[in-house]
Each structure stands twice: as structure tokens, then as C-alpha cells.
Amino acid sequence: MKSSILILLISLLTFFQPEEKNRKEGNWKLIKNEDGIKAFTREVESSDVKQVKVTTNIRSTLTALVAIVRDVSSHPKWIYRCKTAKILKKNSNTDTYYYNETEAPWPISNRDIITHAVITQDKKTKIVTITSTGVPSYIPPKKDIVRIKKLNAKWIFVPEKNGTVNVTSFLLIDLGGDLPAWLINMAIADGPFETVFNMKKEVVKPRYQNIVYNFIEEL
């Protein structure tokens, strides 16, 4: 049963708050610690779905990490269960709308989401933040695919003087449809964990490490 649950989860990363307003924000609880990656969950005010945080350190440039997130066509290679991904609109190098579809097991319908991603960098600390927000009405829904209506995501890249970058991903999502929160919470961190695990392997490739952006400054 757990294996079926796992493939329902999406790492697109995200912060979602449903309409109910009777839960209190809790402390982070470590639930997985493998391969230098830690995954945490916590309860969030006004949400039955737990928030997820995943952290790790990667020997990489800041630019490479930004590049792999911006490389939307590569998302199926490393984002958990991502089937297709494409850019819908690029307002600038740091402001993009893109589409992702995530696979789900039969008879569950696939999920999709339109994400608005904005990249910012603190000029003093060089910390990069990528904030993503779901924009469900950006394009019409597709037949037999459930549109994720409430989604926000955040990547935080903190450069270290030893040549590594501390990577933190946050996730809180409503998968839509009839999936109950208790079922989602059983394995809510597995998708984000796999995404960060795959990112660590992919981002060290020369195609990303050799990139230079004029809008990103290294430490």
C-alpha cells in the first residue's frame, strides 16, 4: 500500500493552506536522514496537510543550482514522478511561468500545475531564493488530469565558504481530487526527498557547473 501512496506525491515544489482554521503550527520533526539528506515535517496552521522541509549540502556553484531549476525541460529527469514540463511564459531571466504534469498510479488521475517561479538574491549574503506559486487558472484544465489549485514552493540556496551550498526545499501542497489528508501525510516527505536526492546527482554535471549568469553572483 505504501508504494502506491509514494507515487502520488509531487515534488514541486510548496506552501498550501486550506480553508480550515483550527490547527496550530508545530515544530519540525525529523523523519528521514539518509545519504546526507534530511527530511522534516510539521503541522501548519490552517492545514490538514503537513509541511515538508528537506535539507542537504551540495558541492556546487550557486549558478548551477539556479540553472537546474530554470532548465524546465529537464524536470522529468530529477523531480519526483514528473512526466512532462514546459515553459509557458518567460517574463525575464528570473520570472517564469511553467507547466508540470505528474504521474499517478491507475486508477488515480495524473495531476498538473502551472507554477509562477521568481528568483531573488540577497546582494550581501548571496543567498538565492526561488519562490513558486501555483496559478491554476493560467491555462484551461486538461481532460482526465486533476489540476492542483493550491501550491507554493521555495528553494533556498545558501553558499558556504568551503565551496558547498546548503540547499533547503519547502513543500506544502493540496493534491486535489478525493485524496484524504491522512493518506497524503503518511508519505508526504518521500517525494521531496527523492527530488533533492536526484538533484544532487544531476546538478554536478558540467552542463550546469559551467554555466555563468549575469544575474547571479557567487560568494
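Structure shown above.
The sections below set out a description of the structure shown in this document.

How each quantity is defined
- Residues numbered from 1 in each chain as written.
- Predicted model: local features only at pLDDT ≥ 70, side-chain atom pairs only at ≥ 80, totals over all residues.
- Heavy atoms only, no water.
- Helix = DSSP H or I, 4+ residues; strand = E, 2+ residues; numbered from the N terminus.
- Buried < 20%, exposed > 50% of the residue type's maximum accessible area, 1.4 Å probe, protein only.
- Areas by Shrake-Rupley, 256 points an atom, 1.4 Å probe, with all protein chains shown as cover.
- Axes fitted to C-alpha atoms, helices over the stretch in contact; angles between N-to-C directions.
- Parallel < 35°, antiparallel > 145°, perpendicular 65-115°, else oblique.
- Left-handed = near helix turned anticlockwise from the far one by under 90°.
- Contact = heavy atoms within 4.5 Å.
- Nonpolar A, V, L, I, M, F, W, Y, C, P; charged D, E, K, R; others polar.
- Core = buried A, V, L, I, M, F, W, Y, C linked by side-chain atoms within 4.5 Å.
- Pairing = 2+ DSSP bridges.

## Thoughts on the overall build of the chain
Within the chain one finds 6 helices and 10 strands. Per-residue burial over the chain gives 49% buried out of 219 residues. When the accessible surface of the chain is totalled, it reaches about 11,000 Å², and 50% of it is carbon and sulfur.

## Points about the packing of helix α2 (residues 62-70) against helix α5 (residues 190-203)
Packed helices, taken two at a time, are described by the angle their axes make and the gap between the axes. Where α2 meets α5, the axes come as close as 10 Å, and the angle between the chain directions of the two elements is 115°. Taken together, α2 and α5 sit at an angle that is classed as roughly perpendicular. For the element pair α2 and α5, the recorded crossing hand is right-handed. Note on element contacts: α5 touches α2 through Met199, Glu202 and Val203, opposite Ala64, Leu65, Ile68 and Val69. Looking at the contact of α2 with α5 residue by residue, the class counts come to 6 nonpolar, no polar and 1 charged.

## Regarding α2
Of all 9 residues in α2, 8 are buried, a share of seventy percent or more. Taken together, the buried positions of α2 are Leu62, Thr63, Ala64, Leu65, Val66, Ala67, Ile68 and Val69.

## As for the nonpolar core
Within the largest apolar cluster, 47 residues are counted, with the highest numbers of intra-cluster contacts made by Trp155, Phe157 and Met199. Ranked by residues supplied to this core, first place goes to α2 with 7 residues. Residues within four places of Phe157 in sequence aside, it is in contact with Leu62, Leu65, Val66, Val69, Lys126, Ile127, Val128, Ile130, Val165, Asn166 and Val167.

## A few points about the pairing of strand β5 (residues 95-102)
Counting buried residues along β5, 8 of its 8 residues qualify, which places the element largely inside the surrounding structure. Residues Asp95, Tyr97, Tyr99 and Glu101 of β5 are buried on one face, and the alternating residues Thr96, Tyr98, Asn100 and Thr102, pointing to the opposite face, are buried as well. In this sheet, β5 lies alongside strand β4 (residues 82-92) in antiparallel orientation, the contact comprising 8 bridges. Bridging from a neighbouring strand, Cys82 pairs with Thr102 of β5. Joining the antiparallel neighbours β4 and β5 is a turn of 2 residues. Two strands pair when backbone bridges link them, and β5 and strand β6 (residues 110-121) are joined in this way by 8 bridges, in the antiparallel orientation. Its bridge partner lying in β6, Thr102 is registered against Arg111.

## Observations regarding the pairing of strand β9 (residues 151-159)
Side chains of β9 alternate between two faces, with Leu151, Ala153, Trp155, Phe157 and Pro159 buried and Asn152, Lys154, Ile156 and Val158 left unburied. Here strand β7 (residues 128-134) runs beside β9; their pairing, made up of 6 bridges, is antiparallel. By the bridge assignment, Ser132 is partnered in β9 with Ala153. Both β9 and strand β10 (residues 164-173) contribute to a ladder of 9 bridges, which runs antiparallel. From the neighbouring strand, Ala153 faces β10, where its bridge partner is Leu171. The loop that links β9 with its antiparallel partner β10 comprises 4 residues; one of these, Gly163, has a positive phi angle of about 90°.

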